[in-house]
Amino acid sequence: MKFVIVLAFALFAVVAARPSAVEIVRQSSDVGVESYNYGLETSDGTKKEEKGELKNLGHEDEAIVVHGSYSFVADDGVTYTVTYVADENGFQPSGAHLPVAPAA
């Protein structure tokens with residue numbers, strides 16, 4: 001769970017570290033006791049959406065489950081998008097540009 005939080009802050013830091021000419025076009029957040037969601041879009045085409053909620057609240061196997069995506073326009077002009085799930089099984093990204101493990 002701490003890894004997910006660190007990852008979220010790291011991604012936010014990457015967006016925040018961009019040149020100051022980039023402006024936030026849209027930003028939203030809703031943080032509750034058992035769930036949260038937020039979104040961010042900047043003038044350079046970067047987008048980030050994420051939702052997280054507690055699973056099995058009050059049980060020994062309680063965990064936070066996060067679903068999200070982010071996209072950005074790279075130096076080559078292509079927009080790259082990554083969707084992900086982060087849960088008790090770890091961070092599981094997917095995207096057309098990411099390599100896929102061969103079938104077992």
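Residues numbered from 1 in each chain as written. Predicted model: local features only at pLDDT ≥ 70, side-chain atom pairs only at ≥ 80, totals over all residues. Heavy atoms only, no water.

**Student:** An account of the overall build of the protein is requested, with residue identities and associated values reported.
**Tutor:** Across its full length, the protein carries one helix and six strands. Walking the protein from its N terminus toward its C terminus, one meets helices and strands in the order α-β-β-β-β-β-β. Within the protein, contacts between residues separated by at least 24 positions form 21% of all contacts whose residues are at least 6 apart in sequence. Accessible surface for the protein amounts to roughly 7,300 Å². Of this, 58% is attributable to carbon and sulfur atoms. (Helix = DSSP H or I, 4+ residues; strand = E, 2+ residues; numbered from the N terminus. Contact = heavy atoms within 4.5 Å. Areas by Shrake-Rupley, 256 points an atom, 1.4 Å probe, with all protein chains shown as cover.)

**Student:** Kindly report on the packing of aromatic side chains, identifying the contributing residues and their values.
**Tutor:** All chains considered together, the criterion is met by four aromatic pairs. Between the aromatic rings of Tyr-70 and Tyr-84, the centroid separation amounts to 6.3 Å while the plane-to-plane angle is 50 degrees, which identifies the pairing as tilted. Taken together, the residues span a long stretch of sequence, with Tyr-70 in strand 4 (residues 63-73) and Tyr-84 in strand 5 (residues 79-87) at a distance of 14 residues. In this structure Tyr-70 comes out as partly exposed when scored by relative accessible area, which is 22%. You can call Tyr-84 buried: its relative accessible area is 4%. On the numbers, 5.3 Å between centres and 40 degrees between planes, the contact of Tyr-84 with Phe-91 is tilted. (Phe/Tyr/Trp six-rings, centres within 6.5 Å; stacked < 30°, edge-to-face > 60°. Buried < 20%, exposed > 50% of the residue type's maximum accessible area, 1.4 Å probe, protein only.)

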